[in-house]
Amino acid sequence: MEKAPLLLETVEQAVRILQESPFVAIWNYQVLSVQAGKVDLALPAQPQFYRPGGIIQGGCLMTLADTAFWLAAMTELGIDAPIVTLEMKTNFLRAAQADVYCRAEVMKSGKRVTYGTATTTDGAGQALSHHTLTYLAV
């Protein structure tokens, strides 16, 4: 009999996962909430994120959305699930100039494919970017 996967269920678990993941060390993400199928992260603005004109580079928003969705997928598939980003579509709606917030939500999760969305916002709750993501179990 197969052992049930350990699901991501708490902010503390998510913080630990991020702390143990070398690729996220430079971002200084803050985990705001973890619920079944949903994760909220914050990305504090840092000087190295800005491009000329005082605008946060768009790739920062994409990385935030991808990381938030990765964690959201773990709430359904398990912390050790071997998942990778298969596809990500991004629409930028407004320039980011300060801290950025993201909510990622799983819409459908299957054995091989997990699909959902992520939306980044500013401190006033205005949408900055919208993302659709597809993850693949490898």
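Here, the structure is the one placed above.
Figured I'd write up the structure that's included with this text. A quick note: this is a predicted structure, and the numbers were derived from the prediction, not measured.

Comments concerning unusual backbone geometry
Excluding glycine, residues mostly have negative phi values, and the peptide bonds linking residues are mostly trans.
Okay, so step 1: Phi is positive for Asn28, close to 60°, though the residue is something other than glycine.
Okay, so step 2: Position of Asn28 among the secondary structure elements: in the loop between helix H1 (11–19) and strand E1 (30–35).
Okay, so step 3: According to the relative accessible area criterion, Asn28 is partly exposed, its value standing at 43%.

Structural notes on the pattern of salt bridges
Okay, so step 1: With the rule as written, the count across this model stands at one salt bridge.
Okay, so step 2: With a shortest N-O distance of 2.9 Å, Arg103 and Asp40 are connected by a salt bridge. With Arg103 in strand E6 (residues 100–109) and Asp40 in strand E2 (residues 38–43), this pair connects stretches of sequence that are 63 residues apart.
Okay, so step 3: On the accessibility criterion, Arg103 (32% relative accessible area) is partly exposed.
Okay, so step 4: The class of Asp40 is buried, set by a relative accessible area of 14%.

A closer look at the side chain of Asp40
Okay, so step 1: A distance of 2.9 Å separates a polar atom in the side chain of Asp40 from a polar atom in the side chain of Arg103.
Okay, so step 2: Sequence-distant contacts of Asp40, defined by excluding residues within four places in its chain, comprise Gln30, Val31, Leu32, Ser33, Cys102 and Arg103.

Some remarks on the pairing of strand E7 (residues 113–121)
Okay, so step 1: In this sheet, E7 lies alongside E6 in antiparallel orientation, the contact comprising eight bridges. From the neighbouring strand, Glu105 faces E7, where its bridge partner is Thr117.
Okay, so step 2: Turn length for the E6-E7 hairpin, with the two strands adjacent in sequence and antiparallel, is three residues.
Okay, so step 3: In this sheet, strand E8 (residues 127–137) lies alongside E7 in antiparallel orientation, the contact comprising nine bridges. Note on E8: the bridge partner recorded for Gly116 is Leu133.
Okay, so step 4: In sequence, E7 turns back onto E8 through a hairpin of five residues, with Gly125 there showing a positive phi of about 85°.

Some points on the packing of H1 against helix H2 (residues 58–77)
Relative placement of two packed helices is described by the angle separating their axes and the distance separating the axes.
Okay, so step 1: Axis separation between H1 and H2 bottoms out at 11 Å; the angle between their running directions is 125°. It follows that H1 is oblique to H2 by the angle criterion. The crossing of H1 and H2 is right-handed. For the pair H1 and H2, the contacting residues are Ala14, Ile17 and Leu18 in the first and Thr67, Trp70, Leu71 and Met74 in the second.

A few points about H1
Okay, so step 1: Within H1, the full set of buried residues consists of Gln13, Ala14, Ile17 and Leu18. An end-on view of H1 places all buried positions within 135° of arc, on one side of the element. Facing away from the buried surface of H1 by more than 90 degrees, the exposed residues are Glu12 and Gln19.
Okay, so step 2: Here the buried face of H1 lies against E1, E2 and H2.

Rules behind the numbers
- Residues numbered from 1 in each chain as written.
- Predicted model: local features only at pLDDT ≥ 70, side-chain atom pairs only at ≥ 80, totals over all residues.
- Heavy atoms only, no water.
- Helix = DSSP H or I, 4+ residues; strand = E, 2+ residues; numbered from the N terminus.
- Buried < 20%, exposed > 50% of the residue type's maximum accessible area, 1.4 Å probe, protein only.
- Salt bridge = Lys/Arg side-chain N within 4 Å of Asp/Glu carboxyl O.
- Polar contact = N/O pair within 3.5 Å; in protein donor to acceptor, adjacent residues only side chain to side chain.
- Contact = heavy atoms within 4.5 Å.
- Pairing = 2+ DSSP bridges.
- Axes fitted to C-alpha atoms, helices over the stretch in contact; angles between N-to-C directions.
- Parallel < 35°, antiparallel > 145°, perpendicular 65-115°, else oblique.
- Left-handed = near helix turned anticlockwise from the far one by under 90°.
- Arc of directions from axis to C-beta.

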